[in-house]
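Each chain is listed here by its residues.
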Amino acid sequence: MAKYYDALETRRGEAREAAQFGALREVIAAAQAGAPYWREALDGVDADTVTDRAALARLPVLRKSDLPERQERVPPFGGLATREAKAFRRLYLSPGPIVEPESDAPHWRFERALHAAGIGAEDVVANCFAYHMTPAGIMFDHACAGVGATVFPAGVGNTDQQVEAIAKLGISAYVGTPDFLRAILEKAEARGVDARGVTKALVTGGPLFPDLRNWYEGRGIAVRQCYGTAELGLISYETVPGEGMVCDEQAIVEIVRPGTGDPVAEGEVGEVVVTTFNPDYPLIRFATGDLSALMPGESPCGRTAPRLKGWMGRADQTTKVRGMFVHPGQVARAVKPYPEVARARLVVRESEGRDTLVLEVESDQQGDGLAQRLGEALRAECRLRGEVVFRAPGSLPNDGKVIDDQRDVGI
């Protein structure tokens, strides 16, 4: 098997950016022409001027958390698609509920992740994702076909039949959630079935804990992870354990401060925002709600695309304080007019049955009544009073939190 899926994986960064933004300009033009939502959201945007990440960062963010309400109001796609529902190959309904369309042209792109996991034409793959209602099973079915692998459409559950398939079909690779393969292998061991033919796995949809990876490696199974969503397809994939996840060639990945569309510095934790190039269902600056960070440098595997540290939590930190909902975007708007503030977080605590708010800000300047002005800005945005406390630059935790709710609310 070739080391890389194709030459795109090792191209220079400048060539990658030029190609991606060329594709993006075409998608923006198609979205403006054919999708009601994008026609309104991108009103006044000249697609030809979106030539780099700075220009991209000026475009609005579309939040995944907003899709259910938007699709309820404008069924079935919320005005985001450039085709009618009947023009798509398949339609899916994922939890949320969120409707996802499948185009004729491949747009999920998990082939690179399979290739990086060593899965190819010599393999029979147990695809243990569901094949009904949600697209995960079909996603990986298409990808296996793309790398020439044979698929056993195993789906979820039925571990006894999964064990039988390993014995009868010569299963050599697995795709599914990280922990389900262990359940299958433990059932095989209990039944005295030799499952040593399974030597490769690509997992997603849950955390791959170090102990679980070690358990697989102790049985001769090389496990790699990938990260994607039903709407976007592949976002990033693991090539070398412990060295992050390489971003897909057909996706522009940004890390932004939660609640905003403002990119953060390399290494800082923030929300994953992704742009892909599907002209039938354009997703431009799609905020996933997941937290991660961009890693410096290139992967030791030789691939040159940016890398994510992996999944680091959820970005939706909305909380209720004194009967009022407070959103990360409100905190960000309160401090945005003050360039002397490097970072800020709103800490919520409880004292003697009463909620307390402390706006912690990193700044080496505290004069000119800055604390008072920040307190007034917080009250204007959130309609709540809070204390302002200054912290030394670089002292706040790099965990992506804009709202840190430290109250003990019980279970």
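Rules of the game
Residues numbered from 1 in each chain as written. Predicted model: local features only at pLDDT ≥ 70, side-chain atom pairs only at ≥ 80, totals over all residues. Heavy atoms only, no water. Pairing = 2+ DSSP bridges. Helix = DSSP H or I, 4+ residues; strand = E, 2+ residues; numbered from the N terminus. Expected span 1.5 Å × (residues − 1). Buried < 20%, exposed > 50% of the residue type's maximum accessible area, 1.4 Å probe, protein only. Arc of directions from axis to C-beta. Contact = heavy atoms within 4.5 Å. Axes fitted to C-alpha atoms, helices over the stretch in contact; angles between N-to-C directions. UniProt positions renumbered as here; feature names shortened; annotations may be inferred. Phe/Tyr/Trp six-rings, centres within 6.5 Å; stacked < 30°, edge-to-face > 60°. Lys NZ or Arg CZ within 6 Å of the ring centre and 35° of its normal. 1 Å grid on protein atoms, 1.4 Å probe; cavity = no way out; pocket = protein on both sides within 12 Å on 5 of 7 lines; lining within 4 Å. Points joined across faces, edges and corners; volume = space filled by probe spheres on them. Nonpolar A, V, L, I, M, F, W, Y, C, P; charged D, E, K, R; others polar. Right-handed = clockwise from strand over helix to strand, strands pointing away.

With an unreviewed UniProt entry as reference, the chain is termed Phenylacetate-CoA ligase, source organism Limimaricola pyoseonensis.

Draft legend 1. Spatial organisation of the sheet that holds strand β9 (residues 233-238). Sheet architecture is open: nine strands sit in the order β5-β4-β6-β7-β8-β9-β10-β15-β14, paired in mixed fashion. A strand with exactly one partner marks an edge of an open sheet, and here the two such strands are β5 (150-152) and β14 (294-295). The sheet contact formed by β14 and strand β15 (residues 307-308) spans two bridges and is antiparallel. Residue pairing across strands places M295 opposite R307, the latter belonging to β15.

Draft legend 2. Broad picture of helix α1 (residues 13-34). Over its 22 residues, α1 extends 31 Å from the first C-alpha to the last, a length consistent with the 32 Å expected when each residue adds 1.5 Å. When α1 is considered as a whole, its buried residues turn out to be R16, Q20, F21, L24, V27, I28, A31 and Q32. Along the axis of α1, the buried residues cluster in a sector spanning 125 degrees; they form a single face. Along α1, the residues that are exposed and aim more than 90 degrees away from the buried face are E26 and A33. Looking at the packing, one finds that the buried side of α1 touches α2 (36-41), α3 (53-56), β11 (251-256) and β12 (270-276).

Draft legend 3. How the structure looks around the environment of L114. The residue L114 is located in helix α5 (residues 111-116) in this model. Separated by 29 residues in the primary sequence, L114 and A143 have C-alpha atoms spaced 7.4 Å apart. Setting aside residues no more than four positions away along its own chain, L114 makes contact with I119, A143, C144, V147, V175 and L202.

Draft legend 4. Up close: the sheet that holds β11. With mixed pairing, the four strands of this open sheet are ordered in space as β1-β13-β12-β11. Of all the strands in the sheet, the pair left with one neighbour each is β1 (62-63) and β11. In the sheet, β11 pairs with β12 via six bridges, with the strands oriented antiparallel. Among the inter-strand pairings, V256 is bridged to a residue of β12, identified as E271. Contacting β11 and β12, α1 crosses the sheet at an angle of about 95 degrees to β11.

Draft legend 5. Spatial organisation of the UniProt feature "domain: AMP-dependent synthetase/ligase" (unreviewed entry) in the chain. Within this numbering scheme, the UniProt entry marks residues 159-275 as carrying the feature "domain: AMP-dependent synthetase/ligase" (unreviewed entry). Segment residues 159-275 splits into 26% helix and 32% strand. End C-alpha atoms: 38 Å apart.

Draft legend 6. Examining unusual backbone geometry more closely. The peptide bond linking P75 to P76 adopts the cis configuration, its omega dihedral lying at -5 degrees. With respect to the secondary-structure elements, P76 resides in the loop between α4 (67-73) and β2 (90-94). Backbone geometry at R285 places phi at a positive 55 degrees, although glycine is not the residue there. Inspection of the secondary structure puts R285 in the loop between β12 and β13 (286-292). The phi angle at D368 is positive, at roughly 55 degrees, despite the residue not being glycine. Tracing the backbone shows D368 in the loop between β19 (354-362) and α11 (370-382).

Draft legend 7. Structural detail: the packing of aromatic side chains. In this structure the tally under the stated criterion is seven aromatic pairs. Taken together, a centroid distance of 5.4 Å and an interplanar angle of 75 degrees make the contact between F77 and F88 edge-to-face. Taken together, the residues F77 in the loop between α4 and β2 and F88 in the loop between α4 and β2 connect sequence positions 11 residues apart. The exposure class of F77 is buried, given its relative accessible area of 4%. Exposure remark for F88: the relative accessible area of 8% places this residue in the buried category. Ring plane angle 80 degrees and centroid distance 5.5 Å describe the contact between W215 and Y216, whose orientation is recorded as edge-to-face. Taken as a pair, W215 and Y216 share a single burial class, namely buried. Every member of this aromatic cluster is reached through a ring pair, and the members are F77, F88 and Y281. In this structure, R83 packs its charged tip against the face of F88, placed 5.2 Å from the ring centre. A cation sits over an aromatic face here: R219 above W215, 3.6 Å from the ring centre.

Draft legend 8. Here's a closer look at the layout of surface pockets. Reported here for the largest pocket is a volume of approximately 960 Å³. What lines the largest pocket is a set of 35 residues, and nearest its centre among them are T204, G205, G206, Y227 and G228. For the lining of the largest pocket, the elements supplying multiple residues, two or more each, are α6 (136-146), β8 (222-229) and β13. The element best represented in the lining of the largest pocket is β8, accounting for five residues. Here the residues of the lining of the largest pocket sort into 15 nonpolar, 12 polar and eight charged.

Draft legend 9. Structural context of the pairing of strand β7 (residues 200-203). Judged by which residues are buried, β7 turns out to be covered on both faces: K200 and L202 on one side and A201 and V203 on the other are all buried. With four bridges connecting them, strand β6 (residues 173-176) and β7 associate as parallel partners. The residue of β7 that forms the bridge with A173 is K200. Traced from β6 through helix α8 (residues 180-191) to β7, the parallel crossover comes out right-handed. In this structure, β7 lies alongside β8, joined through four bridges in parallel fashion. Counterpart to K200 in the pairing with β8 is A222. Viewed along the sheet, the connection from β7 through helix α9 (residues 210-217) into β8 turns out right-handed.

Draft legend 10. Structural detail: empty space enclosed by the protein. The tally for this structure, following the rule as stated, stands at four cavities of 30 Å³ or more. Here the largest cavity is characterised by a volume of approximately 90 Å³. In terms of lining residues, the largest cavity is bounded by 13 residues, among which R257, E268, R343, A344 and K401 are the most central. Its residues assigned to classes, the lining of the largest cavity comprises six nonpolar, one polar and six charged.

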